[in-house]
Amino acid sequence: MADLLRLLLRVAEKAADVARVCRQEAPLFQLLVQEKTGDDKNKKFVQDFKTLADVVIQEVIRHDVGAQFPEMVGFIHGEESNKFENGLGESVTVTVCGTEEETAALLATVLDGNHTAASLLARAIHQDPATIDVNTDGLSVPLSPSELGIWIDPIDATSQYIEGREEVLEEGHLSPSGLHCALVLIGVYLRSSGEPVMGVINQPFNHKDPAGGGWRGKHFWGVSFGDVSVCSVSRPEDKPAGEKGLSAVLSSSEKQAVKETLTSLCGPDKLMYASGAGYKILCVILGLADVYVLSEGSTFKWDSCAPHALLRALGGGVVDLTMSLQSGSVAQDHQVELTYHQPYTDGKGADRWANHGGLVAYRDCSQLCSVISALKGKL
């Protein structure tokens, strides 16, 4: 598991490099945007975008993990289809080739012969990222790669990535939108049970280098299986005695009934809004919010798998909201935690992997119970 973690941190950083390269040139970025259609269109957004950056990042991760752990090849799943259509209407399957030149030639066919753009991307794909030091002491987890599967979200909060608004992050504060909401998410789950056991989150646009002006990223990781719970993020300290109450983060499009219930529970000052499912769960991981509540089935396995593993390592989790509202005791009912191995049989396309019952991400079980009991009978 330590080898897999080190590899995932490395490929996530490589993915972040690709995401940064794709934003550096506006004309290049315009070329990369293509709308999702048909069964793969995420219903929540009027215009959801499929970017070549998404596909390239996903295929980089798939390629590098498959090369080191061939027994995982059939179990590396992503948000994106790797088929892309160029301006001539030709369908091109995007893969990582053996050499930078071959990858550049393939990408040039997608980019209608734009060799400059194709070469920039190919260079980012084939370069070795800076080594990420990670202390893997205590990571002797008795699992082999053949027991595991992976969910990749190449760029979560694609709309924020495309819009590209630059915000300065304040320490200890949630920032509702902007480039920092765009995350690379890699989650590892047990094939047998669907339990999330490892997660890597890379935030490619965490801060700008004051000297050179280029973006610098930040990474977070966690492992949770059996007696092992290790996370790069420390569990947030308990609130001071005088500061009671719960804080929650929601999507601005959340149902009015949920907003009103949580306003009563938390108080209006403790109800916050932010973009991106992955970023909202990261806010819970970092202690910027206590819970993230979503009443609709608009997130997917690739959104939640990686951050779910980090929350488990911190003693929390992510539950199915609908199942939790029907359960007698959420605290004792492990059946309500999201799992990642089985598709929704009635769904089509991306919908087969939706978290249909909505979700609640939490760090503390007592806070989860407060939220569920407040929402009972309201939805």
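The coordinates are above.
Worth saying up front: this structure is predicted, and the values here are computed from it rather than measured.

**Student:** Sorry if this is basic, but what is going on with the overall build of the chain here?
**Tutor:** Within the chain, the secondary structure is distributed over eleven helices and 15 strands. Looking at the chain as a whole, 56% of its 379 residues qualify as buried. Expressed as a percentage of contacts within the chain between residues at least 6 apart in sequence, the contacts between residues at least 24 apart total 69%.

**Student:** How should I be thinking about the sheet that holds strand S14 (residues 317-320) in this particular structure?
**Tutor:** Whether parallel or antiparallel, the strands of a sheet pair through hydrogen bonds between backbone atoms. Spatially, five strands are ordered S12-S11-S13-S15-S14 in an open sheet, and the strand pairing comes out mixed. Looking at the sheet topology across the chains shown, the edges are occupied by strand S12 (271-273) and S14. Each neighbouring strand pair of the sheet contributes to a mean axis angle of 25°, computed without reference to strand direction. Packing of helix H7 (residues 256-266) onto the sheet brings it into contact with strand S11 (248-250), S12 and strand S13 (291-294), and relative to S11 it is tilted by some 165°. Running at roughly 120° to S14, helix H9 (residues 301-313) makes contact with S14 and strand S15 (359-362) of the sheet.

**Student:** Even after reading the chapter, I still don't get the nonpolar core, so can you show me in this structure?
**Tutor:** General note: in soluble globular proteins, nonpolar side chains tend to be found buried as a group. Residues Leu8 and Tyr161 are the most contacted members of the largest nonpolar core, which totals 66 residues. Sorting elements by how many residues they give to this core places helix H1 (residues 2-24) first, with 13 residues. Counting residues in each nonpolar core, the second largest holds 41 residues, with Leu174, Leu183, Ala277 and Ile281 among its members.

**Student:** For this particular structure, what's the right way to read the pattern of salt bridges?
**Tutor:** Think of it this way: side chains of opposite charge can pair up when their charged atoms draw near. Within this structure, the stated rule accounts for 13 salt bridges. With its nearest N and O atoms 3.1 Å apart, the salt bridge here joins Glu166 to Lys208. Residue Glu166 is found in the loop between helix H6 (158-163) and strand S7 (183-190), and its partner Lys208 is found in strand S8 (residues 196-208); the two are separated by 42 residues along the sequence. Taking relative accessible area as the criterion, Glu166 reaches 47% and is therefore assigned partly exposed. Judged by its relative accessible area of 36%, Lys208 falls in the partly exposed class. The partner of Glu195 in a salt bridge is Arg312, and the shortest N-O contact between them spans 2.7 Å. Within this pair, whereas Glu195 is found in the loop between S7 and S8, its partner Arg312 is found in helix H9, the two being separated by 117 residues in sequence. Residue Arg312 is classed as partly exposed on the basis of its relative accessible area, which comes to 22%. In this structure, a network of salt bridges that share partners links the residues Glu13, Asp17 and Arg20.

**Student:** Would you take a moment to explain the environment of Arg165 for this structure?
**Tutor:** Take Arg165: it is sitting in the loop between H6 and S7. Residues Arg165 and Gly178, spaced 13 residues apart in sequence, show a C-alpha to C-alpha distance of 4.7 Å. In contact with Arg165, not counting residues within four places along its chain, are Gln160, Ser177, Gly178 and Leu179. In this structure the side chain of Arg165 is engaged in a polar contact, spanning 2.5 Å, whose partner is the side chain of Glu163.

**Student:** Any chance you could explain helix H11 (residues 365-375) here in plain terms?
**Tutor:** Buried within H11 are the following residues: Gln367, Leu368, Val371, Ile372, Ala374 and Leu375. Here the buried residues of H11 occupy an arc of 165° about the axis, which is enough to place them on one side. Buried positions along H11 lie against H7, S13, S14, helix H10 (321-326) and S15.

**Student:** Sorry if this is basic, but what is going on with the side chain of Arg20 here?
**Tutor:** Mapping Arg20 onto the fold places it in helix H1. A polar atom in the side chain of Arg20 sits 2.6 Å from the side chain of Asp17.

**Student:** Please clarify how the sheet that holds S8 should be interpreted in this entry.
**Tutor:** A sheet is described by the order of its strands in space; here six strands give the open sequence S3-S6-S7-S8-S9-S10, paired in mixed fashion. In the strand order of this sheet, the two ends are held by strand S3 (76-78) and strand S10 (228-231), each with one partner. For this sheet, the mean inter-axis angle between neighbouring strands, taken without regard to orientation, is 15°. Pairing between strand S6 (residues 148-156) and S7: seven bridges, direction antiparallel. Residue pairing in the sheet places Gly149 in a bridge with Tyr189 of S7. Helix H3 (residues 52-68) rests against S3, S6 and S7 of the sheet, and its axis sits at about 155° to S6. Most of the contacts of H9 go to S8, to which it runs at about 100°, and overall it touches S3, S6, S7, S8, strand S9 (215-225) and S10.

Definitions and cut-offs
- Residues numbered from 1 in each chain as written.
- Predicted model: local features only at pLDDT ≥ 70, side-chain atom pairs only at ≥ 80, totals over all residues.
- Heavy atoms only, no water.
- Helix = DSSP H or I, 4+ residues; strand = E, 2+ residues; numbered from the N terminus.
- Buried < 20%, exposed > 50% of the residue type's maximum accessible area, 1.4 Å probe, protein only.
- Contact = heavy atoms within 4.5 Å.
- Pairing = 2+ DSSP bridges.
- Axes fitted to C-alpha atoms, helices over the stretch in contact; angles between N-to-C directions.
- Core = buried A, V, L, I, M, F, W, Y, C linked by side-chain atoms within 4.5 Å.
- Salt bridge = Lys/Arg side-chain N within 4 Å of Asp/Glu carboxyl O.
- Polar contact = N/O pair within 3.5 Å; in protein donor to acceptor, adjacent residues only side chain to side chain.
- Arc of directions from axis to C-beta.

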